[in-house]
Amino acid sequence: ALSQQHSQIPVEVQCQEAQLVVIVHRDLFGNGRLVSAAELSLGPAACKYSRLDPSQKTVTFSAGLHECGSTVQVTPDSLIYRTLLSYDPSPGSNPAIVRSSPAVIPIECHYPRRDNVSSGSIRPTWAPFNSALAAEERLQFSLRLMNEDWSSDREFSPFRLGEVLRIQAEVGSGGHVPLRLFVDSCVVTAHPSPLTDFHSCLVDGRSDATASAFVTPRPRQDMLRFQIDAFRFAGDARSLIYIRCHLKVTPAERSPDALNKACSFSKARQAWAPVEGTRDICGCCELGECGREE
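About the thresholds
- Per-chain numbering applies: the sequence of each chain, read as written, is numbered from 1 onward.
- Local features in this predicted model are restricted to residues of pLDDT 70 or higher, and side-chain atom pairs are both shown and tallied only at a pLDDT of 80 or more, whereas totals for entire chains, interfaces and linings draw on every residue.
- Think of the side-chain values as coming from all heavy atoms in the structure, minus any hydrogens and water.
- UniProt positions are given in the numbering used here, feature names are shortened, and annotations may be inferred rather than shown by experiment.
- Under the scheme used here, helices are H or I runs from DSSP no shorter than 4 residues and strands are E runs no shorter than 2 residues, and both carry numbers assigned from the N terminus.
- Working definition: with a 1.4 Å probe on protein chains only, accessible area under 20% of the residue-type maximum means buried, over 50% means exposed, and in between means partly exposed.
- Here, residues are in contact when the closest pair of their heavy atoms is within 4.5 Å.
- Accessibility throughout is a Shrake-Rupley quantity obtained with a 1.4 Å probe, and a residue counts as covered only by protein chains that appear here.
- Put simply, buried Ala, Val, Leu, Ile, Met, Phe, Trp, Tyr and Cys residues joined by side-chain atoms within 4.5 Å make one nonpolar core.
- By convention, a stacked pair of Phe, Tyr or Trp rings (six-membered ring in the case of Trp) has centres within 6.5 Å and planes under 30 degrees apart, an edge-to-face pair has planes over 60 apart, and any other such pair is tilted.
- Two limits define a charge over a ring: the Lys NZ or Arg CZ must be within 6 Å of the ring centre, and within 35 degrees of the ring normal.
- For the purposes of this analysis, a disulfide is any pair of cysteine sulfur atoms at a distance within 2.5 Å.
- Strand pairing is defined by DSSP finding a minimum of two bridges between the two strands.
- An axis is simply a line fitted to the C-alpha atoms; with a helix, the fit covers only the stretch in contact. Between two such axes, the angle follows the N-to-C directions and lies from 0 to 180 degrees.

By the naming in an unreviewed UniProt entry, the protein is Zona pellucida sperm-binding protein 3, taken from Poecile atricapillus. Regarding the protein, the UniProt comment filed under Sequence similarities (unreviewed entry) reads as follows: "Belongs to the ZP domain family. ZPC subfamily." Quoted verbatim from the Function (unreviewed entry) field of UniProt, the annotation for the protein is "Component of the zona pellucida, an extracellular matrix surrounding oocytes which mediates sperm binding, induction of the acrosome reaction and prevents post-fertilization polyspermy. The zona pellucida is composed of 3 to 4 glycoproteins, ZP1, ZP2, ZP3, and ZP4. ZP3 is essential for sperm binding and zona matrix formation."

A. Up close: the overall build of the protein. When you go through the protein residue by residue, the secondary structure sums to two helices and 17 strands. For the protein, the residues scored as buried account for 40% of the 294 residues in total. Within the protein, counting contacts between residues at least 6 apart in sequence, those at least 24 apart form 61% of the total. Carbon and sulfur atoms make up 51% of the accessible area of the protein, which amounts to about 16900 Å² in all.

B. Quick peek at the nonpolar core. Counting residues in each nonpolar core, the largest one holds 25 residues, and the members touching the most others are Val183, Phe214, Phe226, Ile228, Ile243 and Cys245. At the level of elements, strand S10 (164–172), strand S11 (179–188), strand S14 (223–229) and strand S15 (243–251) are the ones that each hand at least two residues to this core. Counting residues per element, this core draws most heavily on S11, which supplies five residues. In terms of nonpolar packing, the next biggest core, distinct from the first, is built from 22 residues, Val22, Leu40, Leu65 and Tyr111 among them.

C. Structural context of the packing of aromatic side chains. In total, this model carries three aromatic pairs according to the counting rule given. Judged by centre distance (5.8 Å) and plane angle (65°), the ring pair of Phe214 and Phe226 falls under edge-to-face. One end of the pair, Phe214, is in strand S13 (residues 213–214); the other, Phe226, is in strand S14, and twelve residues separate them in sequence. With centroids separated by 5.3 Å and ring planes inclined at 65°, the aromatic side chains of Phe265 and Trp272 adopt a geometry described as edge-to-face. We note Arg206 situated over the ring of Phe265; from NZ or CZ to the ring centre the distance is 4.1 Å. Lying over the aromatic face of Phe182, Arg218 brings its terminal NZ or CZ to 5.3 Å of the ring centre.

D. Up close: the state of the cysteines. Per the stated rule, a full pass over the model turns up six disulfides. With its sulfur 2.2 Å from that of its partner, Cys47 forms a disulfide with Cys68. Here the S-S torsion is close to -110°, and the disulfide linking Cys47 with Cys68 is therefore left-handed. Within this pair, whereas Cys47 is found in the loop between strand S3 (40–42) and strand S4 (51–53), its partner Cys68 is found in the loop between strand S5 (58–64) and strand S6 (71–74), the two being separated by 21 residues in sequence. Residue Cys68 is classed as buried on the basis of its relative accessible area of 10%. In this model Cys284 forms its disulfide with Cys290; the gap between the sulfur atoms is 2.0 Å. Disulfide Cys284-Cys290: torsion about the S-S bond near 95°, hence right-handed. A relative accessible area of 8% places Cys290 in the buried class. The connectivity of the disulfides in the protein is 1-4, 2-3, 5-7, 6-11, 8-9, 10-12, where the numbers refer to bonded cysteines in sequence order.

E. Up close: the side chain of Thr250. Along the chain, Thr250 turns up in strand S15. The class for Thr250 is buried, based on a relative accessible area of 5%. Those residues within four positions of Thr250 in sequence are excluded, and the remaining contacts are Pro178, Leu179, Arg180, Phe182 and Asn260.

F. Looking closely at the sheet that holds S15. A sheet is described by the order of its strands in space; here three strands give the open sequence S12-S11-S15, paired in antiparallel fashion. This sheet does not close on itself; its edge strands, each paired only once, are strand S12 (194–196) and S15. With direction set aside, neighbouring strand axes in the sheet form an average angle of 20°. With nine bridges connecting them, S11 and S15 associate as antiparallel partners. The residue of S15 that forms the bridge with Arg180 is Thr250.

G. Up close: the sheet that holds S10. A sheet is described by the order of its strands in space; here four strands give the open sequence S9-S10-S14-S13, paired in antiparallel fashion. Pairing within the sheet leaves two strands with one partner each, and these edge strands are strand S9 (140–146) and S13. Of the pairings in the sheet, the one linking S13 to S14 comprises two bridges and is antiparallel in character. Its bridge partner lying in S14, Phe214 is registered against Phe226.

Spelled out as structure tokens, the structure:
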């Protein structure tokens, strides 16, 4: 989830073998007001924290993957465990004055579905499952809200309608071969309207009076930048939106195609164009159907 970014990550998640660990910085909103540990809970079961660190000003939750009311989704490639971190501020001494709002932060852990079980003999050249899992864990994806020149995170301050949100997606590839990053899809979780869809078609740029687009060229193959116009939902008084994006990578040497691309719509040319690759890979954006990954 993205709101205005500040220097430290407000919520850190560690997806371990049998449990998830959630570390919450008590300056949750970057405004200098420290939330109370008692105001935080994990999951529908409202599990309480397991550790409080006054020196670091952090609250830590540790829970088994199936504990605290978490849910699991099984996909062809992954097991996805989902839960929620809830902030429920206690009323102050004067109940007529409200100084903070409740918040719910979605938490996810993804585990690849791989194993060495086979009806045939196991060849010694196969990498053990644990090694494959360790390699997967070295991919560290991030999504950051950036300042005007993309040099650093944007300071914590509200946006005005008409301003531009500059979002930078990145992956730390560790010991992997060179990778190219894609923003496969993005949605605003408070509303079903997508920002990107159909495997990296920035469909928000198709709307009237918007300049949403991927930034070209890329700074690096493992980084991708895009910008969207600030907005709010009609009839919704809330001033906070959450953006959830699905990021993926391919080997950098592989040519972009209809499933692995970054396409923006140019109103001047009334046509779709890719950050890299041939224009035909964006043709499916107009059709709204870019196929499915195997």
